[in-house]
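# What the coordinates show
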Amino acid sequence: MPAACVIGLQWGDEAKGKLVDLLAPDHDSVVRYQGGANAGHTVVCGDQTYKLHHVPSGILHPGVQNYITPGVVIEPTTMLKELEGLEARGIDPRSNLMISERAHLVMPWHLLEDQVMNRLVVQGENIGTTLRGIGPCYRDKVGRNFAFRMIDLLQPDLAERIATIAEAKKSLLIGMGAKDLAEQLDATAINTAARRWSEQLGPLIGDTTNDLLDELDAGKRLLMEGAQGSLLDIDHGTYPFVTSSNSSGVGICSGSGVPSRWIRRVIGVAKAYSTRVGGGPFPTELNDETGEKIRKIGREYGTTTGRPRRCGWFDAVAVRYTTRLSGVDALALMMMDVLSHFDSINVCVAYDIDGERVERFPCDAAKLRRAKPIFETHSGWDVDVTGARTLSDLPQKAHDYLARISQLVGVPVEIVSVGPDRVQTIFADRARLLSMN
Ligand code: IMP
């Protein structure tokens, strides 16, 4: 099977990193193709927890090549810290990692611009970004004149371009009323840092686009690692409360350069409930004790920002939409163990919008904000499932829940996660999942 993909179906944080790490040994390469340090992919292996922001979640497997492709934006200081953190724990990420020369850099001014933009209110709410400079960097990528790519770190005019653009950005920041932030921009200091970026990251830069095409021609197997979730997709998500890349399945080809004809298997990842960080509509949100209980048991705090996540029941309207949008053919349902602690569990099967029953996910944020969830109630299973290793270890009520989710969403549940560790993952049939073509 040439390319399999792992895509988030909600608003991110679906535990995609865990799944990619688990599936990596069945592949030759793992590919991160969009997003940047806004992602926080957690991999738990025994007593070790790894939090990855840019580096693909296949990095813990020395025989697996890892690629960061053109659609990703890289914040070099965080990237270097991430590499050093892995090295300090005995992993050699430099031996199996390549970064595309076409990937864009999140520059220091992007971080400052994100702060200014994040003060603004859109549609009565704050977007609540991760403050990682993601939006400003992608904006400059599309704008072109102020963009820096990895390849630019190796060009002789780097210092001159940094000085020119830093001046322009200072004026822009002052124009936006952020003189305090403009004063933090120091072209000399940025140039000193950039020399370090060139030296340290330069050896990792390569032509990932052609290398991946070569791998496909040679019959190698790729695993595409999505970041964020499909509902945060810039074109198809809950705009403007989204991230600035195509975080649904539609971004795989543009971000990586891998043509769609090679994509044979799309695994959609969803939690057994819902969470969201930052602003934006969230129809099944629970602003009560139940929401607090999910947050506490599920340890629902952002990997990147530490912010408490908003929590709510599973939204089948939203996940059916993203399953279709991302071309998903197998569902991975995560955090099933968290639901063990509830007497009854709700699933949203439709919305009531202005008195009308709606089963189609509205992409207009204003309309979605008016959506009231229509719930179906399931009884809980009140059994600790963290030790379950096969589907037959799960109680009947958990099976009923999985069957109903599968029916509502329209694809089979092939993977169930019952805890953060690698071993706490149940595959309905791993060989069948990975052999389909
Ligand atoms: P940005 O990507 O930092 O610009 O943030 C835009 C929106 O996407 C905010 O609501 C963030 O909280 C959300 N977001 C970005 N990355 C992630 C992620 O990896 N997980 C969950 N939410 C995210």
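Heads up: these notes are all about the structure in this document. (Residues numbered from 1 in each chain as written. Predicted model: local features only at pLDDT ≥ 70, side-chain atom pairs only at ≥ 80, totals over all residues. Heavy atoms only, no water.)

## Some details on the side chain of K18
What counts is decided by this rule: A run of DSSP states H or I qualifies as a helix once it reaches four residues; a run of E qualifies as a strand once it reaches two. Both are numbered from the N-terminal end. Here's how the labels work: a residue is buried when its accessible area is under 20% of the maximum for its type, exposed when over 50%, partly exposed in between, all with a 1.4 Å probe on protein chains only. Charge counting treats Lys and Arg as positive and Asp and Glu as negative, with His and both chain ends excluded. Each reported salt bridge corresponds to a side-chain nitrogen of Lys or Arg within 4 Å of a carboxyl oxygen of Asp or Glu. Contacts: residue pairs with any heavy atoms within 4.5 Å of one another.
Turning to its location among the elements, K18 is positioned in helix 1 (residues 16–23). Within the buried set, K18 has no salt-bridge partner at all; the shortest N-O distance to an opposite charge, 7.1 Å, is to D421. Apart from the residues lying within four places of it in its own chain, the contact partners of K18 are T42, M334, S417, G419, P420, D421, Q424 and T425.

## Some points on the nonpolar core
This is how the line gets drawn: As used here, the term nonpolar core means buried Ala, Val, Leu, Ile, Met, Phe, Trp, Tyr and Cys residues forming a set that is joined through side-chain atoms within 4.5 Å.
In this structure, F314, L333, M336 and Y401 are the most contacted members of the largest nonpolar core, which totals 72 residues. The dominant element in this core, judged by the number of residues it contributes, is helix 13 (residues 396–409), at 6 residues. Those residues in contact with L333 that lie beyond four places of it in its chain are A270, K271, A272, F314, Y401, L402, I405, V413, I415, V416 and S417.

## So, helix 8 (residues 208–217)
This is how it is decided: By arc we mean the arc of the directions from the helix axis to the C-beta atoms, nothing more.
Within the sequence span of helix 8, burial applies to T208, T209, L212, E215 and L216. The arc that holds every buried residue of helix 8, seen down its axis, measures 125°, which confines them to one face. Of the surrounding secondary structure, the elements contacted by the buried residues of helix 8 are strand 2 (29–32), strand 5 (65–68), strand 7 (97–100), strand 9 (205–206), strand 10 (222–225) and helix 9 (251–256). Downstream of helix 8 by a residue or two, G219 has a phi angle that is positive, lying close to 80°.

## Topic: the site of the ligand
We apply this condition: Only heavy atoms are used to decide nearness, and a residue is near a molecule or strand if one of them lies within 4 Å of it. Whenever two N or O atoms come within 3.5 Å, that pair is a polar contact, provided that in protein one can donate a hydrogen and the other can accept it, and provided that, for residues adjacent in sequence, both atoms are side-chain atoms. Only the protein chains shown count as cover for residues, and all accessible areas are computed by the Shrake-Rupley method using a 1.4 Å probe. An automatic or database domain assignment supplies the start and end points of every domain.
Taken together, 17 residues are adjacent to the ligand, and N38, T130, T243, V277 and R307 come closest. At a separation of 3.0 Å, an oxygen atom of the ligand approaches a polar backbone atom of V277. Within the side chain of R307, an N or O atom sits 3.0 Å from an oxygen atom of the ligand. Within the complex, 97% of the 460 Å² of free accessible area of the ligand lies under protein. Two domains each donate at least three residues to the shell around the ligand, and these are domain 1 (3–98 + 207–433) and domain 2 (104–204).

## With respect to the pattern of salt bridges
Overall, the coordinates contain 21 salt bridges when judged by the stated rule. Note that E285 is salt-bridged to R310, the shortest N-O span being 3.0 Å. Pair noted here: E285 is in the loop between strand 12 (274–276) and helix 10 (289–297) and R310 is in strand 13 (residues 310–312), with a separation of 25 residues, a long-range link. Among the ionic pairs, R357 bridges to E359, the shortest N-O distance being 3.0 Å. Each of D13, K271, E300 and R309 takes part in a single network of salt bridges with overlapping partners.

## With respect to helix 13
Keep this limit in mind: To estimate how far a helix should extend, the number of its residues minus one is multiplied by 1.5 Å.
Over its 14 residues, helix 13 extends 20 Å from the first C-alpha to the last, a length consistent with the 20 Å expected when each residue adds 1.5 Å. Along helix 13, the residues that are buried comprise A398, Y401, L402, I405, S406, L408 and V409. Down the axis of helix 13, the sector holding all buried residues measures 165°, keeping them to one side. Of the exposed residues in helix 13, the ones pointing more than 90 degrees away from its buried face are Q396 and Q407. In this fold, the buried residues of helix 13 make contact with strand 14 (314–315), helix 11 (316–325), strand 15 (330–334), strand 16 (344–353), strand 18 (372–379) and strand 19 (413–417). Immediately downstream of helix 13, the backbone of G410 shows phi near 100°, a positive value.

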